[in-house]
Amino acid sequence: IKEGGIKNRSTIYIDNAKDTELKKSMVGLKKGDHFEVNPHDLTSNHEELAQLLGITHHDVHHMESHFRFTVEELKRMTPHILDQELFDKIYGPGNVNSEAEMRERVIEDLKNMFSRDENFLFKRAFSREIVNRVNAVLPDEFLKRFIRMTNEKGVSQEQIEMEYPSYAHGLKWQLIENKIIRDYDLKVGLDEAKEYAKGMLTRRFAEYGIPVEEEQLETYAERTLANKEEARNIYDLLYENKVVELVKEKCTIEEKEFSYEEFLHQIQH
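As the structure is a prediction and not an experimental result, all values here were calculated from the model.

A. Local environment of the side chain of T43. Note on placement: T43 falls in the loop between β1 (34-37) and α2 (46-53). A distance of 3.2 Å separates a polar atom in the side chain of T43 from a polar atom in the side chain of E48. Not counting the four nearest positions on each side in its chain, T43 is found in contact with N16, K18, E48 and L49.

Written as structure tokens, this is what we have:
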């Protein structure tokens, strides 16, 4: 187990696992049992995977490690009748009042989910292209020493050499991104951050069928933004979204259509 690594408590849906053999290996597990797996094999839904690991949707795309999962409790799900009780549990009282309205909301949620993945693919392709074109020169040896000296848990020179190209690319892109933000005076306000936090929390509560009032949601969002690390992640993501939207306006974009499977492959590679 990696010291200081990601640790979270969440729910795994066996039926969502992509591999039949993985599903079979999970059936019959008891409390206290554990297994190791690439979390990408547990679901194709990146929003769901972000919630499962307690990380951001953006970080899911860079997740390559295997994880150890320990069973703490077992639950069984039974289908719910498509009635008002279900609509209220998922979307809040009175917000959805028929199966047709629910299907519209599901379609909208899926569009939003794929839109985030689409933005990630665009940003990754653009960042690679612009970083190569700008070809900024970094003080590599200094940065490698800096990484080694500031890493609290210690890191070997071999590990630094292996991971440095990815670190250097990220730093170059961050410098370019920051210049775009300054040059075009892009801003993210508190209201924007709060609305994003509320949307994120609404999706988390909906996963467990927990209704939440607007007043409660406001309080939870404020608590989330009071956490410096979570607030920084939200602001970084919103700034990145603004940069991506600006770049899309300034570029000539060649659109490509993918099947669902091809789309997932593009995201994961």
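That covers the picture; the talk isn't over yet.
B. Fine view of unusual backbone geometry. A positive phi is found at N135, a non-glycine position, where the angle reads about 50 degrees. Turning to its location among the elements, N135 is positioned in the loop between α5 (99-134) and α6 (140-150). Here the phi dihedral of D185 falls at roughly 50 degrees; this positive angle occurs in a residue that is not glycine. Relative to the helices and strands, D185 resides in the loop between α7 (157-183) and α8 (190-207).

C. Representation of the packing of α5 against α7. The contact between α5 and α7 brings their axes to 10 Å, and the two run at 90 degrees. Relative to α7, the element α5 is oriented roughly perpendicular. Packed against α5, whose contacting residues are K123, F126, S127, R128, I130, V131 and V134, the element α7 presents H169, K172, W173 and I176 at the interface. Classifying every residue of the contact of α5 with α7 gives six nonpolar, two polar and three charged.

D. Structural context of α5. For α5, built from 36 residues, the straight-helix expectation of 52 Å at 1.5 Å per residue is met to within 8% by its first-to-last C-alpha distance of 52 Å. All of the buried residues along α5 are M102, M113, D117, N119, F120, L121, F122, K123, R124, F126, S127 and V131. Close packing links the buried residues of α5 with α2, α3 (57-60), α4 (84-91), α7, α10 (228-250) and α11 (260-268). Once α5 finishes, N135 follows within two positions and takes phi at roughly 50 degrees, a positive value.

Rules and cut-offs
- Residues numbered from 1 in each chain as written.
- Predicted model: local features only at pLDDT ≥ 70, side-chain atom pairs only at ≥ 80, totals over all residues.
- Heavy atoms only, no water.
- Helix = DSSP H or I, 4+ residues; strand = E, 2+ residues; numbered from the N terminus.
- Polar contact = N/O pair within 3.5 Å; in protein donor to acceptor, adjacent residues only side chain to side chain.
- Contact = heavy atoms within 4.5 Å.
- Axes fitted to C-alpha atoms, helices over the stretch in contact; angles between N-to-C directions.
- Parallel < 35°, antiparallel > 145°, perpendicular 65-115°, else oblique.
- Nonpolar A, V, L, I, M, F, W, Y, C, P; charged D, E, K, R; others polar.
- Expected span 1.5 Å × (residues − 1).
- Buried < 20%, exposed > 50% of the residue type's maximum accessible area, 1.4 Å probe, protein only.

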